[in-house]
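Single-letter residue listing:
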Amino acid sequence: MNFLHKSLITLALIGASSLMAKPTIAILATGGTIAGAGTSEIKSSYSAGAVTVDKLLAAVPAINELATIKGEQISSIGSQEMNNKVWLKLAKRVNELLAKPEIDGIVITHGTDTMEETAYFLDLTVKSKKPVVLVGAMRSGTSMSADGPMNLFNAVNVVINKDTTGKGVVVVMNDEIHSAREVTKVNTSSVNAFASPNAGKIGTVYYGNVQFLMQPTRKHTVATEFDISKLEDLPRVDVLFAHPEDTDALVKAAVANGAKGIIHAGMGNGNPFPLTQDALAEAVKKGVIVARSSRVPTGSTTLEGEVDDKKFGFIAVDSLNAQKARVLLMLGLTKTHDKAALQKMFLEY
Ligand code: GLU
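About the criteria used
Residues numbered from 1 in each chain as written. Predicted model: local features only at pLDDT ≥ 70, side-chain atom pairs only at ≥ 80, totals over all residues. Heavy atoms only, no water. Core = buried A, V, L, I, M, F, W, Y, C linked by side-chain atoms within 4.5 Å. Buried < 20%, exposed > 50% of the residue type's maximum accessible area, 1.4 Å probe, protein only. Helix = DSSP H or I, 4+ residues; strand = E, 2+ residues; numbered from the N terminus. Contact = heavy atoms within 4.5 Å. Near = heavy atom within 4 Å. Areas by Shrake-Rupley, 256 points an atom, 1.4 Å probe, with all protein chains shown as cover. 1 Å grid on protein atoms, 1.4 Å probe; cavity = no way out; pocket = protein on both sides within 12 Å on 5 of 7 lines; lining within 4 Å. Points joined across faces, edges and corners; volume = space filled by probe spheres on them. Nonpolar A, V, L, I, M, F, W, Y, C, P; charged D, E, K, R; others polar. Pairing = 2+ DSSP bridges. Axes fitted to C-alpha atoms, helices over the stretch in contact; angles between N-to-C directions. Left-handed = near helix turned anticlockwise from the far one by under 90°.

K.L.:
So what exactly am I meant to see when it comes to the nonpolar core here?
P.N.:
In a soluble, globular protein the nonpolar side chains are often hidden away together inside. Core analysis: the largest hydrophobic core is formed by 56 residues, its most contacted members being Leu28, Val94, Ile106, Ile108, Phe121, Leu134 and Leu329. Looking at which element gives the most residues to this core, the answer is helix α4 (residues 84-98), with 8 residues. Beyond its immediate chain neighbours, meaning those up to four positions away, Leu28 contacts Glu72, Ile74, Leu90, Arg93, Val94, Leu97, Ile106, Val107, Ile108 and Thr109.

Written out as structure tokens, the structure is:
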């Protein structure tokens, strides 16, 4: 074999191994502004979810150099329409795809309104260590300075980064990486719409360059006890927001409507208005799980502060916000109605 032959074989091997090294990523589209289209680049009105996954991917050709991309449409909704059916469909599909050896990770495009809840739902129900990244946009694709393409490019870079493994489900928005448990939408219109108020972002991604700063500490994905593989629906849990001169009527309405759990977003350290507190105590007597959370954006709602939780039979949600406490209680109620066991979950997840 002469030098030329050897060189050609070496080049072919390098080429083959770099081809083999290219990861395969599934991009699951659910809708939202990232798939939104409007009629003007300088007006805020548009329809969320109008653009299909193929068009979305065509807008960011650079991702094809990073990974082999398989796009799939799960739903085409604004995320304010998110519901149990789509959550279960999405979680089951994520688990199915991640069980395939050829799939290295999943990016989910999603509306920003309820992205935090979907991220946390998946954080608790995905049974794989492979990375799952949620991404969205605050400006539609037809808007001036749309943020979707860069967010999607960054999300693909995060999902193929080896350091993302073991972090649970993460959200990538505006050059930041957030853990599913901590992230929340904090601005209705700015591209800087997400933060993790209790913990901070866990990393950054700048033009695809990923840097992790922290490791989430709560149990997630393979370490949770939740199994949605055979579920067709989830127990009803409602959130009630407290205020001075609050009522007992909404608690009664929630119970009459079939709520199995109520998240009460109380004042301060999860304090209900007295009349509401009495109604919540009555709900507990009827077998409804009442979990105290807070309308305050940071800190924890703790047991036995100003509320006699033992006497009323309430539990407390620790540092989850009310909308995520709802997600955990819905999943918790698929396992048990025991208050002590549910309380333990709020301290673990
Ligand atoms: N309300 C829509 C949604 O959450 C659009 C908002 C957005 O994606 O930023 O899907």
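K.L.:
Would you mind showing me how to read the site of the ligand here?
P.N.:
The environment of the ligand is made up of Gly32, Thr33, Tyr46, Gly78, Ser79, Gln80, Gly111, Thr112, Asp113, Ala137 and Met138. When isolated, the ligand has an accessible area of 280 Å², and the protein chains bury 92% of it.

K.L.:
Honestly, empty space enclosed by the protein in this entry has me stumped. Any pointers?
P.N.:
The method is simple in principle: a probe with the dimensions of a water molecule rolls over the atoms, and the space it marks as empty is what remains. As enumerated under the stated definition, the model contains 1 cavity of 30 Å³ or more in all. Of the voids in this model, the largest cavity is the one considered here, and its volume is about 30 Å³. Around the largest cavity, the lining residues are Leu240, Phe241, Asp246, Thr247, Leu250, Val251 and Thr276. Of all elements in the fold, only β11 (237-241) and α7 (249-256) reach the threshold of two or more residues within the lining of the largest cavity. Residue composition of the lining of the largest cavity, by class: 4 nonpolar, 2 polar and 1 charged.

K.L.:
I would appreciate a short explanation of the sheet that holds strand β9 (residues 203-206) in the present structure.
P.N.:
The pairing of strands in a sheet happens through backbone hydrogen bonds and is either parallel or antiparallel. Spatially, β2-β1-β3-β4-β5-β6-β9-β10 is the arrangement adopted by the 8 strands of the open sheet, whose pairing is mixed. Since the sheet does not close on itself, it has two edges, and those belong to β2 (68-77) and β10 (209-212), each with one partner. On average, each strand axis in the sheet is inclined to that of its neighbour by 20°, with strand direction left out of account. Taken together, the 5 bridges between strand β1 (residues 24-31) and strand β3 (residues 105-109) define a ladder with parallel strand orientation. Among the inter-strand pairings, Leu28 is bridged to a residue of β3, identified as Ile108. Contacts from α4 reach β1, β2, β3 and β4 (132-135), with the element oriented near 165° to β2. The strands touched by helix α5 (residues 115-125) are β3, β4 and β5 (170-173); relative to β4, the strand with the most contacts, the crossing angle is about 170°.

K.L.:
What am I meant to see in the packing of α5 against helix α10 (residues 322-332) here?
P.N.:
Any two packed helices are characterised by how steeply their axes cross, that is the angle between the axes, and by the distance between the axes. One can describe the packing of α5 onto α10 by two numbers: an axis separation of 9 Å at closest approach and a directional angle of 35°. Read as a crossing pair, α5 and α10 show a hand that is right-handed. Residues Glu116, Glu117, Tyr120, Phe121, Leu124 and Thr125 of α5 lie in contact with α10, whose contacting residues are Gln323, Lys324, Val327, Leu328 and Leu331.

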